[in-house]
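Examining the three-dimensional arrangement
Residue-level listing of the chains:
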Amino acid sequence: MATVVALHAIAADIPVLTGATIGRLRDAGHRVVVITLTGEAPAGLAESLGAARTETLGGAYEPAAPAQLPPDALDAVRELLESERDIALIIGHDPTVMELDPTHIAVGALAAALAEQLQVPLVNATLPREIIEKGERLAKSLDTTIPLTGDQLAQFPT
């Protein structure tokens, strides 16, 4: 079967954005490679969901801070994937709903560039608006706020 490459900003994105998809792809016989742009390789987490391989670019992650990635991040990802065959799909992040965090934006751009170079389809993971709205209600019940405007919340799919 085919190889699918899932790009993530941080390991915590994996169960939230693509965990079930990784499991379904594995169950269908596909090889899934998970690459995070920051932190350590999420081996245990991604492998428990069905990923065959995990890698990281090892950049630093600070929410809302400029992405700390190597200037040649695309080349670095391509180098990590040199041994992979039959890459048929790239999974990235939907940049319109991750616009508050530069590292997540970088994942969207990197995934799009990788898909274009490899000439394979790109699918962007996103969060359903319902989850974001539940988070907003929880924040309000705790007498705090989330840093999203109404227009930003409206960008999440229903």
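Residues numbered from 1 in each chain as written. Predicted model: local features only at pLDDT ≥ 70, side-chain atom pairs only at ≥ 80, totals over all residues. Heavy atoms only, no water.

**Structural notes on the overall build of the protein**
This is how it is decided: Counting from the N terminus, the helices are DSSP H or I runs at least four residues long and the strands are E runs at least two residues long. With a 1.4 Å probe rolled over the protein chains alone, any residue whose accessible area is under 20% of its type maximum counts as buried; one over 50% counts as exposed, and the rest are partly exposed. Note on definitions: a residue-residue contact is assigned when non-hydrogen atoms from the two residues lie within 4.5 Å. Only the protein chains shown count as covering a residue, and every accessible area follows the Shrake-Rupley method with a 1.4 Å probe.
From N to C terminus, the protein includes six helices and five strands. With 158 residues in all, the protein has 42% of them scored as buried. Taking the contacts inside the protein whose residues are at least 6 apart along the sequence as the reference set, 68% of them involve residues at least 24 apart. Just so you have it, the protein exposes about 8,300 Å², and 54% of that area is on carbon and sulfur atoms.

**Describing the pattern of salt bridges**
What counts, and what does not: Should a side-chain nitrogen of Lys or Arg be within 4 Å of a carboxyl oxygen of Asp or Glu, the pair is scored as a salt bridge.
Scanning all chains against the criterion turns up four salt bridges. Of the charged contacts in the structure, one is a salt bridge between Glu 55 and Arg 53, with a shortest N-O distance of 2.9 Å. Its relative accessible area of 22% is what places Glu 55 among the partly exposed residues. On the basis of relative accessibility, which here comes to 15%, the residue Arg 53 falls in the buried class. Put simply, Arg 53 and Glu 84 hold a salt bridge, and the shortest N to O gap is 2.7 Å. With a gap of 31 residues between them, Arg 53 in strand β3 (residues 53–59) and Glu 84 in the loop between α3 (73–80) and β4 (87–93) connect regions that are remote in the sequence. On the basis of relative accessible area, Glu 84 is assigned to the buried category, the value being 8%. Sharing partners across several salt bridges, the network here consists of Arg 31, Arg 53, Glu 55 and Glu 84.

**As for the environment of Val 77**
The topology assignment puts Val 77 in helix α3. Val 77 sits 34 residues away from Ala 111 along the chain, and the two C-alpha atoms are 9.8 Å apart. Not counting residues within four places of it along the chain, the set of residues in contact with Val 77 comprises Leu 7, Ile 35, Leu 57, Leu 110 and Leu 114.

**Overview of the confidence of the model for the protein**
For clarity, the cut-off: What pLDDT reports is the predictor's confidence in each residue, on a scale of 0 through 100.
The share of residues in the protein with pLDDT of 70 or more is 84%, and the mean pLDDT across the chain is 84. Within the protein, strand β1 (residues 3–8) carries the highest mean pLDDT (96), whereas helix α6 (residues 150–154) carries the lowest (63).

**Digging into the nonpolar core**
We apply this condition: Working definition of a nonpolar core: buried Ala, Val, Leu, Ile, Met, Phe, Trp, Tyr and Cys residues. They are joined through side-chain atoms within 4.5 Å.
With 22 residues, the main nonpolar core has Val 5, Leu 7, Ile 35, Val 77, Leu 81 and Ile 90 as its most contacted residues. It is helix α4 (residues 102–118) that provides the largest number of residues to this core, a total of six residues.

**With respect to the environment of Ala 113**
Counting through the fold element by element, Ala 113 comes out in helix α4. Given the relative accessible area of 26%, Ala 113 is considered partly exposed. Residues Ala 113 and Leu 74 lie 39 residues apart in sequence; the distance between their C-alpha atoms is 7.6 Å.

**Examining unusual backbone geometry**
We note that Asp 86 has phi near 55°; this positive angle belongs to a residue other than glycine. Note that Asp 86 resides in the loop between α3 and β4. For Gln 119, which is not glycine, the phi dihedral falls at a positive 55°. With respect to the helices and strands, Gln 119 occurs in the loop between α4 and β5 (122–125). Overall, the relative accessible area of 74% leaves Gln 119 in the exposed class.

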